[in-house]
Amino acid sequence: MSRFTDFQKKSVSSEKLGRQIVGALLEWHPVSFWVFVLLGIPLSVSVSMIVAHNELAPCLYFIGLNLVVWLTIKTCHRLLGVFSLRRKDTAITWCYITILLALGIWIVCFLLIFNIKEDGKVAAVVAAIGVIISWIFQDKIKGLIAFFHLRTHHFLNIGDWIQVPGKDVDGEVQKITLTSINICNWDTTTSVIPITMLQAEHFINLQNMMEGKTYGRRMLKTFVFDTNWFCFLSQKEIKTIEQKHHIKLHLTDEDIGDGILNAKVYRLYLYHWLMNNAHVSRQPRLMVRWLEQKESGMPLQIYAFIIDSNLAAFEWQQSLIIEHIIGSAGWFNMQLFQEASAFDVSNSNIFLTKEPAQYKKEDLS
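Everything in this summary refers to the structure shown in the same document. Predicted model, so just to flag it, every value in this text is computed and none were measured.

Taking strand neighbours across the sheet as the criterion, the five strands line up as β4-β3-β2-β1-β5 in an open arrangement whose pairing is antiparallel. The open sheet is flanked by β4 (190-194) and β5 (204-205), the only strands paired with a single partner. Here strand β1 (residues 161-164) runs beside β5; their pairing, made up of two bridges, is antiparallel. What sits directly across from Gln 163, in β5, is Ile 204.

Take a look at the structure:
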């Protein structure tokens, strides 16, 4: 018995399709076997005797048909588990196609065995039953259509990272069936959603980005700056910034003139710094832009693509960029906006004077 079990397991785990099918056929589950023996065969005999008017030959044919279809579906279900573990998406699709073909063959053979074409009343009854079944299982039928739509167009595969914003789903696809999709979320929870949801609603597939088939992963961050700190910098101050912080500002004397706004210098500096960052892609777009003025200040937006698309690597590089943006703002007398807290109010040193407030920290020259 142990040799038989070892042979069956080795056949299922083989790389050859023929051996896999043999292994799946030899895997007999006692429960499913006795369910077929105790329920399937008596039910087949009963249906045959009723429809075939007590004739023996159609009864035997019908039992044989049920056995073949049952073995086919059982084998496909066993292979689905193997192919899912190996992430063979094409093989999974063919397994489902085989199951559907087996059900279609069962219907056709059922009509031929009992010669239902010649009996108009029986044909009408079968058609009515088909309509009722179609209405009852309409969700299953929609799921079947959605499954083949997503699979034939390669919109979804096992192992893909997808997001379904409307359902708070964000993780890796673990299993795809005709009716549902199992997703392992990044917070280690599991979501099971109907496959029709992905066809009817918006979902995002990020797998190409994760595999490096795109320009990178998008970084979109906005920093609000206090406009009270905006001021003009002279040519001397520009040179002092370059020497003090060992940077090169791509400005000409004509650009500076009698003075240049520190907000503009800072924006140009960040753009060129990102352009020369080995972890930032220049395609499809790289922008450092000011957005519409708000009550809290002037928003500066960074729109870039980081080449390191892996989650941990991406977050690391993004954090380094954010820290540099925050740290370098002071070089140009720029100040990020932050609403006053209770600590700020209790420790403020504001006095009413005739002198206007001086927001510029120091003379950079």
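Turning our attention to unusual backbone geometry. Here the residue pair Gln 283 and Pro 284 is connected by a cis peptide bond, since its omega of -5° sits within 30 degrees of zero. Take Pro 284: it is sitting in the loop between β9 (280-281) and β10 (287-290). In this structure, His 246 is a non-glycine residue whose phi angle is positive, near 55°. Within the secondary structure, His 246 sits in the loop between α10 (235-245) and α11 (253-256).

Counting residues in hydrophobic clusters, the biggest one holds 31 residues, and the most contacted among them are Ile 238, Leu 249, Tyr 266, Leu 270 and Phe 332. Secondary structure elements with two or more residues in this core: β6 (217-225), α10, α12 (262-275), β11 (298-306) and α13 (311-329). Among the elements that make up this core, the one with the highest residue count is α12 (six residues). Beyond its immediate sequence surroundings of up to four residues, Ile 238 is in contact with Leu 233, Leu 249, Leu 251, Ile 256, Ile 260 and Val 265. Counting 27 residues, the second largest nonpolar core, distinct from the first, contains Ala 146, Ile 183, Ile 193 and Met 197.

Quick look at α12 now. For α12, spanning 14 residues, the distance from its first C-alpha to its last is 20 Å, which sits close to the expected 20 Å at 1.5 Å a residue. All buried positions along α12 are accounted for by Asn 262, Ala 263, Val 265, Tyr 266, Tyr 269, Leu 270 and Leu 274. Axial view of α12: buried residues confined to an arc of 160°, hence all on one face.

Conventions adopted
Residues numbered from 1 in each chain as written. Predicted model: local features only at pLDDT ≥ 70, side-chain atom pairs only at ≥ 80, totals over all residues. Heavy atoms only, no water. Pairing = 2+ DSSP bridges. Helix = DSSP H or I, 4+ residues; strand = E, 2+ residues; numbered from the N terminus. Core = buried A, V, L, I, M, F, W, Y, C linked by side-chain atoms within 4.5 Å. Buried < 20%, exposed > 50% of the residue type's maximum accessible area, 1.4 Å probe, protein only. Contact = heavy atoms within 4.5 Å. Expected span 1.5 Å × (residues − 1). Arc of directions from axis to C-beta.

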